[in-house]
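What follows is the residue order along each chain.
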Amino acid sequence: MPGPLLEVRDLKTQFSTPEGVVKAVDGVSFELHAGETLGIVGESGCGKSVTALSIMRLVPRPGRIVGGQVLFEGRDLAKLSNAQMQEIRGESIAMIFQDPMTSLNPVFRVGWQVSEPLLLHRSMPQAKALQGGTIMLGRVGIPSPETRARDFPHHFSGGMRQRAMIAMGLTTTPPVLIADEPTTALDVTIQAQILDLLRNANREFGTATILITHNLGVVAGMCERVMVMYAGRIVESGLTTDVFAHPKHPYTWSLLRSIPRLDAERHEPLKPIEGMPPDLIAPPPGCAFHPRCPFKVERCSRDVPALNRVGDQLAACWVTQSGVELKDA
């Protein structure tokens, strides 16, 4: 198997606040291979989006990367100059941001914004770049792309803005595409269309995709592999089918029990996760999930578990690493 296209090693990103240091990403490591789709899931505030912004070197102040490596084709992006990183963004790694309503510049026409990567990275004449952007608008399902390319973002619906964002990301056919909550605030029909566009990009261009979402159903239908994050750390990772069928971390197990499932017993009640996510300025000692965990043992409140192999997955859990199976009492 060829080596990874993107490799993140022990990534740490922190935010300095008057109350203390927020460890938003705390030692995250993973690989992304060419052509695959990797899902990153977890509750709001677990570090999913900050991980993506760290890869792109777009962490807003007062945040900063304080440790780790982000290797793309062997180059450590964390050590590149701003000018070198500017060449990577859009050309080699593109990102679809979370909110299509605010991600497009309201004072520039949509066609110009979609074609801008061709102007910056391919040095195309403006007319040819605009033609390429217009073609891509059509390929992502924008009707009458020649006409709509001359419109401003406020003329587009939410779903059309998201399509335009995807078109912008795919214009240069980058090897890596990061999609941060690409279906947020869209109705279910438009969500399905947006996910189809991402599948087509994967098939047509061979794009490796990182899909960040809190929707486990989206991951089940889109991703070969999945990483589950909690309190800035990866707590479980593996093939999506394995993780969803046989979770090895109590947090993943609890997440799956809190959503409707087609394979659940009839009338089986949904069970929410008790408690609240931890304060990342002063996280609890030991495993960050232990105050909410129904399987915790004494060691969980004392020592931080490493991410180790448990069955077919990787899991950071003292309980399952000792051979205990997660199931209802």
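Residues numbered from 1 in each chain as written. Predicted model: local features only at pLDDT ≥ 70, side-chain atom pairs only at ≥ 80, totals over all residues. Heavy atoms only, no water.

Let us look at the sheet that holds strand β5 (residues 75-76). Reading across from one edge, β2-β1-β4-β5 is the order of the 4 strands in this open sheet, with antiparallel pairing throughout. Across the chains shown, the open sheet's two edge strands, defined by having one partner strand only, are β2 (20-32) and β5. With 10 bridges connecting them, strand β1 (residues 6-17) and β2 associate as antiparallel partners. When the sheet's bridge partners are listed, L11 is paired in β2 with V28. Of the strands in this sheet, β1, β2 and β4 (63-72) are in contact with helix α1 (residues 48-55), which crosses β1 at around 110 degrees. (Pairing = 2+ DSSP bridges. Helix = DSSP H or I, 4+ residues; strand = E, 2+ residues; numbered from the N terminus. Contact = heavy atoms within 4.5 Å. Axes fitted to C-alpha atoms, helices over the stretch in contact; angles between N-to-C directions.)

Here we come to the packing of helix α4 (residues 110-121) against helix α5 (residues 126-139). Viewed as axis vectors pointing N to C, α4 and α5 meet at an angle of 115 degrees, and their least axial separation amounts to 8 Å. With respect to each other, α4 and α5 are oriented roughly perpendicular. The chirality of how α4 crosses α5 is right-handed. Across the interface between the two elements, V110, G111, W112, V114, S115, L118 and L119 of α4 pack against Q126, A129, L130, G132, G133 and L137 of α5. (Parallel < 35°, antiparallel > 145°, perpendicular 65-115°, else oblique. Left-handed = near helix turned anticlockwise from the far one by under 90°.)

To continue, consider the packing of aromatic side chains. For any pair of aromatic rings, the description consists of the separation of the ring centres together with the inter-plane angle of the planes. Applying the stated criterion across every chain yields a total of 5 aromatic pairs. Geometrically, the ring pair formed by F108 and W112 is stacked, given 5.0 Å between the ring centres and 20 degrees between the ring planes. Classification of F108 by relative accessible area gives partly exposed; the value is 36%. Judged by centre distance (4.9 Å) and plane angle (75 degrees), the ring pair of W253 and F295 falls under edge-to-face. (Phe/Tyr/Trp six-rings, centres within 6.5 Å; stacked < 30°, edge-to-face > 60°. Buried < 20%, exposed > 50% of the residue type's maximum accessible area, 1.4 Å probe, protein only.)

So, on to helix α8 (residues 188-205). Helix length check: α8, at 18 residues, gives a terminal C-alpha distance of 26 Å against a target of 26 Å (1.5 Å per residue), a fit within 8%. Listed as buried for α8 are Q191, I194, L195, L197, L198, A201 and N202. Buried residues along α8 cover an arc of 145 degrees about the axis, so they all sit on one side. (Expected span 1.5 Å × (residues − 1). Arc of directions from axis to C-beta.)

With that settled, consider the sheet that holds strand β7 (residues 176-180). Taking strand neighbours across the sheet as the criterion, the 8 strands line up as β6-β7-β8-β3-β9-β10-β12-β11 in an open arrangement whose pairing is mixed. In the strand order of this sheet, the two ends are held by β6 (93-96) and β11 (308-310), each with one partner. When strand polarity is set aside, the average angle formed by the axes of neighbouring strands in this sheet is 20 degrees. Bridge count between β6 and β7: 4 bridges; the pairing is parallel. Across the sheet, residue A94 finds its bridge partner in β7, namely L177. Packing against the sheet, helix α7 (residues 158-170) makes contact with β6 and β7, and its axis sits at approximately 175 degrees to β6. Across the sheet, helix α11 (residues 250-257) lies against β9 (225-230) and β10 (233-239), angled at about 100 degrees from β9, the strand it touches most.

To continue, consider the nonpolar core. If you look at the biggest cluster of nonpolar residues, it comprises 92 residues, and the most contacted ones within it are I55, I93, I178, L198 and I210. If we ignore the near neighbours within four places in the chain, the residues touching I93 are L6, I55, M56, F72, L77, I88, P174, V176 and I178. (Core = buried A, V, L, I, M, F, W, Y, C linked by side-chain atoms within 4.5 Å.)

With that settled, the discussion passes to the environment of S144. Turning to its location among the elements, S144 is positioned in the loop between α5 and α6 (145-148). For the pair S144 and E7, spaced 137 residues apart in sequence, the C-alpha to C-alpha distance is 40 Å.

All chains considered together, the criterion is met by 0 disulfides. Lacking any disulfide linkage, C317 is separated from the closest cysteine sulfur, that of C300, by 6.0 Å. (Disulfide = S-S within 2.5 Å.)

What follows deals with the packing of α4 against α7. Running from amino to carboxyl end, α4 crosses α7 at an angle of 25 degrees, the nearest separation of the two axes being 7 Å. As the angle between them shows, α4 and α7 are arranged roughly parallel. Touching V110, Q113, V114 and P117 of α4 are A164, A167 and M168, all from α7. Per-class residue counts for the contact of α4 with α7 are 6 nonpolar, 1 polar and no charged. (Nonpolar A, V, L, I, M, F, W, Y, C, P; charged D, E, K, R; others polar.)

On to the side chain of T13. With respect to the secondary-structure elements, T13 resides in strand β1. Here S54 takes part through its side chain, which lies 2.8 Å from a polar atom of the side chain of T13. Apart from residues lying up to four places away in sequence, T13 is in contact with V22, K23, A24, V25, V50, S54, V59, R64 and I65. (Polar contact = N/O pair within 3.5 Å; in protein donor to acceptor, adjacent residues only side chain to side chain.)

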